[in-house]
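# Coordinate inspection notes
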Amino acid sequence: MDRRGFVKITGLSALGVAGAQALPRAEETASPQAAPEGKRPSRRWAMAVDVSKCLTEKDCAACTAACHRAHNVPDLSDPKDQVRWIWKEPFREALPEQHHDYMNESLQHADVMVMCNHCDNPPCVRVCPTQATWKRDQDGIVMMDWHRCIGCRYCMAACPYGSRSFNWRDPRPSIAELRPEFPSRSRGVVEKCNFCEERLAEGKPTACVEACKAKALVFGDLMDPQSPIRDLLRTRTALRRKSGLGTEPQIYYLV
Ligand code: SF4
């Protein structure tokens, strides 16, 4: 069977699966903290973004540049071809349910960094017909296997955050400096942030955290009650994107 036929058949079956599973199941929206003893993951990676610290560096794009360089993300100028792992969006679009006309002026006009939220209940994973994307049991990272991706883009349709990009063209000629230690992708596959799982495996911080001049990004383990991220979530007000959808995003915006 050729690729197109395969996509058609798997697509139809995925539609059925998606239709049946589009709504989150209550037991899957529970946080890892609430899981019964013995079923709790040993780690749950998450990120906190201190919005006011981020705003101190005007027009800064250091996190995006470092992430894209580390992961061979192509620099395509045509917006319809763009591939993005981290980017900035106006606060009112990133967190529309939090926005109102009388809020702090600096927030009203702020751009905040956005990326894959590594959701605890990820709809992208549910709809993938080839299991090319999945949530890792041991730490909650929503992974991708680009060799298994057939380019059906159901995950893109299912993600309510627009966190995934499709390679409409061969990305390799548009990578400024190809890093052989990280795989490059090909035309016809989807990609997104991987929470720097390759760097975490070597005990390194994520590329965005390392590059952030304002120290606005805190990455850590939610299963560790002593971790700095847990401390921040205990003591600061933290917002999550479209939290009403039940996806349980794991990027927290501190305001
Ligand atoms: Fe999936 Fe989108 Fe959640 Fe990332 S943000 S895990 S791509 S649903």
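Structure's up top.
Cut-offs and rules
Residues numbered from 1 in each chain as written. Predicted model: local features only at pLDDT ≥ 70, side-chain atom pairs only at ≥ 80, totals over all residues. Heavy atoms only, no water. Helix = DSSP H or I, 4+ residues; strand = E, 2+ residues; numbered from the N terminus. Buried < 20%, exposed > 50% of the residue type's maximum accessible area, 1.4 Å probe, protein only. Contact = heavy atoms within 4.5 Å. Pairing = 2+ DSSP bridges. Core = buried A, V, L, I, M, F, W, Y, C linked by side-chain atoms within 4.5 Å. Disulfide = S-S within 2.5 Å. Salt bridge = Lys/Arg side-chain N within 4 Å of Asp/Glu carboxyl O.

All right, on to the environment of arginine 43 then. Mapped onto the secondary structure, arginine 43 falls in the loop between α2 (26–29) and β1 (45–50). Judged by relative accessible area, arginine 43 falls into the partly exposed class, the value being 42%. The sequence separation of arginine 43 and methionine 223 amounts to 180 residues, and the corresponding C-alpha distance is 5.4 Å. Beyond its immediate chain neighbours, meaning those up to four positions away, arginine 43 contacts Gln138, Asp139, Asp221 and Met223.

With that settled, the discussion passes to the pairing of strand β8 (residues 217–221). Counting buried positions along β8 gives four out of five residues, so the element sits mostly inside the fold. Sheet analysis places β1 next to β8, joined by five bridges and oriented antiparallel. When the sheet's bridge partners are listed, tryptophan 45 is paired in β8 with aspartate 221.

Right, let's talk about the nonpolar core for a bit. Met47, Phe91, Met113, Met115, Phe195, Leu217 and Tyr253 are the most contacted members of the largest nonpolar core, which totals 51 residues. Take this core: its biggest share by element is four residues, from strand β3 (residues 111–115). Residues within four places of tyrosine 253 in sequence aside, it is in contact with Val49, Val51, Leu95, Val112, Met113, Val114, Thr237, Ala238, Leu239 and Arg241.

For the coordinates displayed, the defined rule picks out zero disulfides. Not engaged in a disulfide, the cysteine cysteine 67 finds its nearest cysteine sulfur in cysteine 196; these two sulfurs lie 6.1 Å apart.

This part takes up helix α4 (residues 62–70). The buried fraction of α4 amounts to seven of the nine residues, a majority that puts the element mostly inside the structure. Looking only at α4, the buried set comprises Ala62, Cys63, Thr64, Ala66, Cys67, His68 and Ala70. Packed against the buried residues of α4 are β2 (86–90), β3, α10 (207–211) and β8. Backbone geometry just downstream of α4 places asparagine 72 in the positive-phi region, at approximately 50 degrees.

For the structure shown, the criterion picks out 15 salt bridges. The salt bridge partner of aspartate 81 is arginine 169, with a shortest N-O separation of 2.9 Å. Within this pair, whereas aspartate 81 is found in the loop between α4 and β2, its partner arginine 169 is found in the loop between β6 (165–166) and β7 (190–191), the two being separated by 88 residues in sequence. A residue is classified by how much of its surface remains accessible, and aspartate 81, at 6% relative accessible area, is buried. For arginine 169, a relative accessible area of 41% gives the class partly exposed. Across the pair glutamate 197 and arginine 136 runs a salt bridge whose closest N-O atoms are separated by 3.5 Å. Within this pair, whereas glutamate 197 is found in helix α9 (residues 197–200), its partner arginine 136 is found in the loop between β4 (133–135) and β5 (142–144), the two being separated by 61 residues in sequence.

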